[in-house]
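# Overview (structure and organization)
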Amino acid sequence: MSPDPIHAGGQCQASIVRTVIFARQTRRQSGRPGYRGELPANTERVFVGPEFWANRLQDWRLSSGRIECRDKRAESPMRTLHLLTHRIASGEGGFTLQVRTGLIDGGDTAADAASGFLVGAGGESMDHRAAALIHHQPGPGAGWFAGCDAAGQVFFRDFTRPAPRRENPSRLSTLPSEIELELTASENGEMALVARDSVGRELSRASQVVPRSELTGNVALVSHPGTGEKTARFWFRDWQVEGTRVAAHPAATCGPIVSALYTVHNRILKLTAQLTPVGSDESQTVELQLKRGAAWRTVRRAPIDSAGWVARFRVTKWDDRQDVPYRIRYRLRSVRGRTTADSTHHWEGTIAANPVGKDELVLASLSCVQQTNGPLGANQTFRWNYN
């Protein structure tokens with residue numbers, strides 16, 4: 001494969017900026033291993049779900065119970081959707097990844113278009129939130145791409161370095177309407193990737209032996225458009241991740257509420273909640289709750305402004321003499337077992353008391369600009385493991 005990546009500086013910097021929104025909702029904890037993708041079948045939205053991080057947000061969507069990549073431009077290679085709640089841990093054992101995938105637009109497409117898995121993104125030492133940004137461009141810490149091209153041929157690609165150019169990347173091929181990809185990693189570091197059609201007939205098979213440490217890290221879905229004019233985009237469903245090396249972190253989610261800002265002035269509280277792009281057929285109301293004693297009480301409801309996916313609250317006669325715990329409440333369409341139902345999500349914080357008795361105030365400033373030498377698009381690789 002030859003994605004021939006061009007990484008626009010603005011895109012990279014925007015990705016780096018987005019890491020800040022994980023801060024409030026990602027308290028890590030261990031849980032039961034194994035992930036089985038269950039997505040609501042009766043909604044459509046840009047925000048795929050709290051357990052995912054999309055690169056980029058606008059490049060993916062949830063539609064009719066399946067995950068779809070929206071971008072098929074040749075200049076946007078290696079679109080990734082990282083799984084936040086499960087990753088491959090270090091140590092002994094193995095794991096298996098499975099997913100059903102296919103072309104969204106159908107017809108002939110460039111032979112180097114591909115879909116599949118990114119494995120080992122970020123390694124053991126890189127924070128899972130930073131690793132979730134890996135997409136578009138190869139580089140140190142970027143992991144392994146296990147994919148299936150438009151001819152139905154599976155392959156392995158070391159995504160830490162640029163791929164060799166294919167001799168005839170624009171050759172057209174037709175992929176079956178649906179394929180099942182199964183990636184198995186054994187205890188000795190051998191990966192086996194198999195592609196099957198919708199009736200279970202094997203299309204191709206490949207294997208690759210790598211050090212076990214190179215498989216530690218995030219896992220993600222990949223939609224790669226290929227080169228030339230007949231680029232492609234792919235859909236996915238029934239994603240499963242299981243095995244003794246799979247570590248679960250159920251609290252490591254992001255969204256649908258990603259931040260909140262407030263001010264208090266002249267006994268008026270103004271608070272803005274930032275949400276992800278939810279579906280137009282989902283709840284369009286957000287609640288502001290305050291904790292009085294041991295109970296939470298809803299004090300305001302506000303509509304979602306889809307121009308910026310925010311909800312604005314205003315509370316008058318605010319008592320600014322004491323700290324007051326608050327939380328934002330929203331119900332997102334999800335799946336429980338085999339039933340579609342709304343799940344409740346919260347964002348919690350504290351409205352601080354007016355510091356009238358302090359002689360010194362402390363302000364914090366965050367800059368998310370990464371310094372580089374020259375345009376990023378001129379570089380063949382990007383140093384993902386910069387931390």
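Located above this text is the structure these notes cover.
Residues numbered from 1 in each chain as written. Predicted model: local features only at pLDDT ≥ 70, side-chain atom pairs only at ≥ 80, totals over all residues. Heavy atoms only, no water.

So, on to the overall build of the protein. Scanning the protein from N- to C-terminus turns up 2 helices and 26 strands. Within the protein, the fraction of its 387 residues that count as buried is 51%. Restricting to contacts in the protein with at least 6 residues of sequence separation, those with at least 24 account for 71%. Accessible area of the protein: about 18100 Å², with a carbon and sulfur share of 46%. (Helix = DSSP H or I, 4+ residues; strand = E, 2+ residues; numbered from the N terminus. Buried < 20%, exposed > 50% of the residue type's maximum accessible area, 1.4 Å probe, protein only. Contact = heavy atoms within 4.5 Å. Areas by Shrake-Rupley, 256 points an atom, 1.4 Å probe, with all protein chains shown as cover.)

If you look at the biggest cluster of nonpolar residues, it comprises 42 residues, and the most contacted ones within it are Phe52, Ile67, Phe117, Leu183 and Trp239. What phenylalanine 117 contacts, discounting residues up to four positions off in sequence, is Leu97, Gln98, Val99, Trp144, Phe145, Ala146, Leu181, Leu183, Ala220, Leu221, Val222 and Trp239. In this structure, Ile257, Ala260, Ala273 and Ala311 belong to the second largest nonpolar core, which totals 25 residues. (Core = buried A, V, L, I, M, F, W, Y, C linked by side-chain atoms within 4.5 Å.)

The next thing to look at is the sheet that holds strand β20 (residues 257-265). If you trace the 3 strands from one edge of the open sheet to the other, you get β20-β21-β24, paired in antiparallel fashion. Where the open sheet ends on each side, the last strands, each with one partner, are β20 and β24 (310-315). Going from strand to strand, the sheet's axes swing by 15° on average, the running direction of each strand aside. Alignment of strand β21 (residues 268-275) against β24, held across 6 bridges, turns out to be antiparallel. Bridge pairing in β24 places leucine 269 opposite valine 315. (Pairing = 2+ DSSP bridges. Axes fitted to C-alpha atoms, helices over the stretch in contact; angles between N-to-C directions.)

What follows deals with the pairing of strand β18 (residues 234-242). Note that strand β1 (residues 35-36) and β18 share 2 bridges and pair antiparallel. Among the inter-strand pairings, arginine 36 is bridged to a residue of β18, identified as glutamine 240. The sheet contact formed by strand β5 (residues 66-69) and β18 spans 2 bridges and is antiparallel. Bridge pairing in β18 places isoleucine 67 opposite phenylalanine 236. Pairing analysis gives 7 bridges linking strand β8 (residues 95-103) to β18, with the strands arranged antiparallel. By the bridge assignment, leucine 97 is partnered in β18 with valine 241.

With that settled, consider the pairing of strand β4 (residues 60-63). Here strand β2 (residues 44-45) pairs with β4 via 2 bridges, running antiparallel. For arginine 45, the partnering residue across the bridge sits in β4 and is leucine 62. With 4 bridges joining them, β4 and β5 adopt antiparallel strand pairing. Paired with serine 63 across the strands is arginine 66, a residue of β5. Between the end of β4 and the start of β5, which pair antiparallel, lie 2 residues, with serine 64 showing a positive phi angle near 55°.

Take the pattern of salt bridges next. For the coordinates displayed, the defined rule picks out 24 salt bridges. In this structure, the salt-bridge partner of aspartate 238 is arginine 100, at a minimum N-O distance of 3.8 Å. Residue aspartate 238 is found in strand β18, and its partner arginine 100 is found in strand β8; the two are separated by 138 residues along the sequence. Classification of arginine 100 as partly exposed rests on a relative accessible area of 23%. For glutamate 287, the salt bridge goes to arginine 329, with nearest N and O atoms at 2.8 Å. Here the residue glutamate 287 occupies a position in strand β22 (residues 285-292), and arginine 329 occupies one in strand β25 (residues 324-336), the gap between them amounting to 42 residues. (Salt bridge = Lys/Arg side-chain N within 4 Å of Asp/Glu carboxyl O.)

Here asparagine 55 and arginine 56 are connected by a cis peptide whose omega angle stands at -5°. Tracing the backbone through its elements, the reader meets arginine 56 in the loop between β3 (52-55) and β4. Between glycine 255 and the following residue, proline 256, the backbone shows a cis peptide bond with an omega angle of 5°. Counting through the fold element by element, proline 256 comes out in the loop between β19 (246-248) and β20. Of note in the backbone geometry, histidine 136 takes a positive phi value of approximately 70° without being a glycine. One can find histidine 136 in the loop between α2 (128-131) and β11 (144-149).

As enumerated under the stated definition, the model contains 5 aromatic pairs in all. Here phenylalanine 52 and tryptophan 239 contribute two aromatic rings whose centre-to-centre distance is 6.3 Å and whose plane-to-plane angle is 10°, an arrangement assigned as stacked. Of the two residues, phenylalanine 52 sits in strand β3 while tryptophan 239 sits in strand β18, which places them 187 residues apart along the sequence. The class of phenylalanine 52 is buried, set by a relative accessible area of 4%. Given the relative accessible area of 3%, tryptophan 239 is considered buried. Their ring planes at 90° and their centres at 5.2 Å tell us that phenylalanine 145 and phenylalanine 155 sit as a pair that is edge-to-face. With phenylalanine 145 in strand β11 and phenylalanine 155 in strand β12 (residues 154-158), this pair connects stretches of sequence that are 10 residues apart. (Phe/Tyr/Trp six-rings, centres within 6.5 Å; stacked < 30°, edge-to-face > 60°.)

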